[in-house]
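Residue-level listing of the chains:
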Amino acid sequence: HGFIIVVNNIDRPDARLDEIPDEILDLLIDLEASDEQLESPIIFCSGRAGTASLSQYEQGEDLTVLFETIKNYIPAPEGDEEGDLQMLVSSIDYNDYVGRIAIGRIERGSLKQNQEVMVCDYHQKHAPYKAKIVNIYQIDGLTRTAVDTAKVGDIVCFSGITDITIGDTITAVASPEPLPFVKISEPTIEMTFSVNDSPFAGREGKFVTSRQLRDRLMKELLKDVSLRVEEGDTTDSFRVAGRGEMHISILIETMRREGYEFSVSTPKVLFKEIDGVLCE
């Protein structure tokens with residue numbers, strides 16, 4: 001598949017405008033990109049200023065260049081609109097009103113409110129089971145708008161299926177055909193989150209108890225399928241395992257901004273045994 005390369009932060013004083021295109025080309029060659037992919041358009045942006053340009057030496061006025069490139073370069077969705085429903089769940093969200101929300105793009109057929117569907121898994125972690133779509137939303141700007149129906153190519157969010165997860169396929173009841181999906185990577189590192197018991201406790205956040213910390217971590221599990229949370233060695237600590245340092249550091253920063261105060265340990269690499277060999 002073709003793609004568009006977007007370089008952000010070109011307005012920063014330390015931006016290396018002369019070197020970036022060559023470094024991108026070297027990366028694509030290292031990744032064994034096809035000739036078509038080597039010709040992929042490069043857009044230079046400033047997310048902070050909301051601008052896009054075809055040249056790294058021009059900032060542009062708005063994001064029109066990016067939108068036009070997407071429209072002209074990326075092919076329109078293909079698929080049989082009259083066929084049986086098939087949609088891969090590629091992301092998960094959660095809110096307290098409707099529970100788990102599945103997000104994905106319809107690959108075949110159409111999806112309707114209150115429709116009965118089959119939930120399948122390509123890797124057969126669970127047998128196909130029937131479920132019902134309750135509400136369907138489409139993303140409109142920064143908001144989600146309720147719709148009654150959606151068709152091939154539409155990116156939709158829907159609620160009503162309690163245990164749905166990334167990698168599940170939603171299909172018509174008559175043809176439960178799961179779409180291929182790469183297994184979600186296991187966690188690679190672990191950190192301990194614990195109640196702050198230092199002399200400075202209580203100065204940084206408003207949520208400071210172990211119950212508040214536990215509730216927040218459990219809530220994160222509802223929408224982050226690659227996170228693992230276990231009780232720690234004490235009642236005031238929790239072992240949090242993620243796919244990498246960035247994965248866990250984003251969670252830490254998000255919680256900090258929400259007003260949670262806690263201590264974290266140094267990261268610990270996880271090991272597992274493969275064919276009798278201990279592997280990092």
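Residues numbered from 1 in each chain as written. Predicted model: local features only at pLDDT ≥ 70, side-chain atom pairs only at ≥ 80, totals over all residues. Heavy atoms only, no water.

(A) Local environment of the overall build of the protein chain. Of the regular secondary structure elements, the protein chain holds five helices and 20 strands. With the C-alpha coordinates aligned to their principal axes, the bounding extent of the protein chain is approximately 60 × 55 × 45 Å. Across the 280 residues of the protein chain, 38% fall into the buried class. Within the protein chain, contacts between residues at least 6 apart in sequence are counted, and of these 62% link residues at least 24 apart. With the model as given, the accessible surface of the protein chain reaches about 17,400 Å², and the carbon-plus-sulfur share is 51%. In the protein chain, 28 positive and 50 negative side-chain charges are present, and the distance between their average locations comes to 8 Å. (Helix = DSSP H or I, 4+ residues; strand = E, 2+ residues; numbered from the N terminus. Buried < 20%, exposed > 50% of the residue type's maximum accessible area, 1.4 Å probe, protein only. Contact = heavy atoms within 4.5 Å. Areas by Shrake-Rupley, 256 points an atom, 1.4 Å probe, with all protein chains shown as cover. Lys, Arg positive; Asp, Glu negative; His and termini not counted. Charge placed at Lys NZ, Arg CZ, Asp CG, Glu CD.)

(B) Quick peek at the packing of helix α4 (residues 210–221) against helix α5 (residues 245–257). Packing of α4 against α5 brings their axes to within 12 Å, and their N-to-C directions diverge by 130°. By the angle between their directions, the pair α4 and α5 is classed as oblique. Judged by the sense of rotation from one axis to the other, the crossing of α4 with α5 is right-handed. Residues L213, R216, L217 and E220 of α4 touch α5, and the partners they reach there are L251, T254 and M255. When its residues are assigned to classes, the contact of α4 with α5 shows four nonpolar, one polar and two charged. (Axes fitted to C-alpha atoms, helices over the stretch in contact; angles between N-to-C directions. Parallel < 35°, antiparallel > 145°, perpendicular 65-115°, else oblique. Left-handed = near helix turned anticlockwise from the far one by under 90°. Nonpolar A, V, L, I, M, F, W, Y, C, P; charged D, E, K, R; others polar.)

(C) Seen up close, α5. Look at α5: 18 Å from first C-alpha to last across 13 residues, which is about the 18 Å you get at 1.5 Å a residue. Looking only at α5, the buried set comprises H247, I248, L251, I252 and M255. The arc that holds the buried residues of α5, viewed along the axis, is 130°, so those residues lie on one side. Every exposed residue of α5 that faces more than 90 degrees away from the buried side is listed here: E245, M246 and R257. Buried positions along α5 lie against β14 (189–194), α4, β16 (237–242) and β17 (263–264). (Expected span 1.5 Å × (residues − 1). Arc of directions from axis to C-beta.)

(D) Layout of a negative patch on the surface. A cluster of like negative charges, contributed by D80, E81, E82 and D84, occupies part of the molecular surface. When you line up the elements, D84 lands in the loop between α3 (64–73) and β4 (86–95). (Patch = residues over 30% accessible without salt bridge, like charges linked within 9 Å, V, L, I, M, F, W, Y side chains within 5 Å. Salt bridge = Lys/Arg side-chain N within 4 Å of Asp/Glu carboxyl O.)

(E) Seen up close, a nonpolar patch on the surface. A contiguous nonpolar surface patch, about 270 Å² in accessible area, is contributed by F67, I70 and I74. Along the chain, F67 turns up in helix α3.

(F) Geometry of α4. Helix length check: α4 (12 residues) gives 17 Å between terminal C-alpha atoms against 16 Å at 1.5 Å per residue, within 8%. Listed as buried for α4 are S210, Q212, L213, R216, L217 and E220. Around the axis of α4, the buried residues are gathered within 165° of arc, so they sit on the same side.

(G) Spatial organisation of the sheet that holds strand β2 (residues 42–46). The sheet built from three strands is open, its strands ordered β1-β2-β3 with mixed pairing. Looking along the sheet, the strands with just one partner apiece sit at the ends: β1 (5–7) and β3 (51–53). With direction set aside, neighbouring strand axes in the sheet form an average angle of 30°. Relative to β2, β1 runs parallel, the two sharing three bridges. Bridge pairing in β2 links V7 to F44. On the sheet, helix α1 (residues 20–30) packs against β1 and β2 and is oriented at approximately 140° with respect to β1. (Pairing = 2+ DSSP bridges.)

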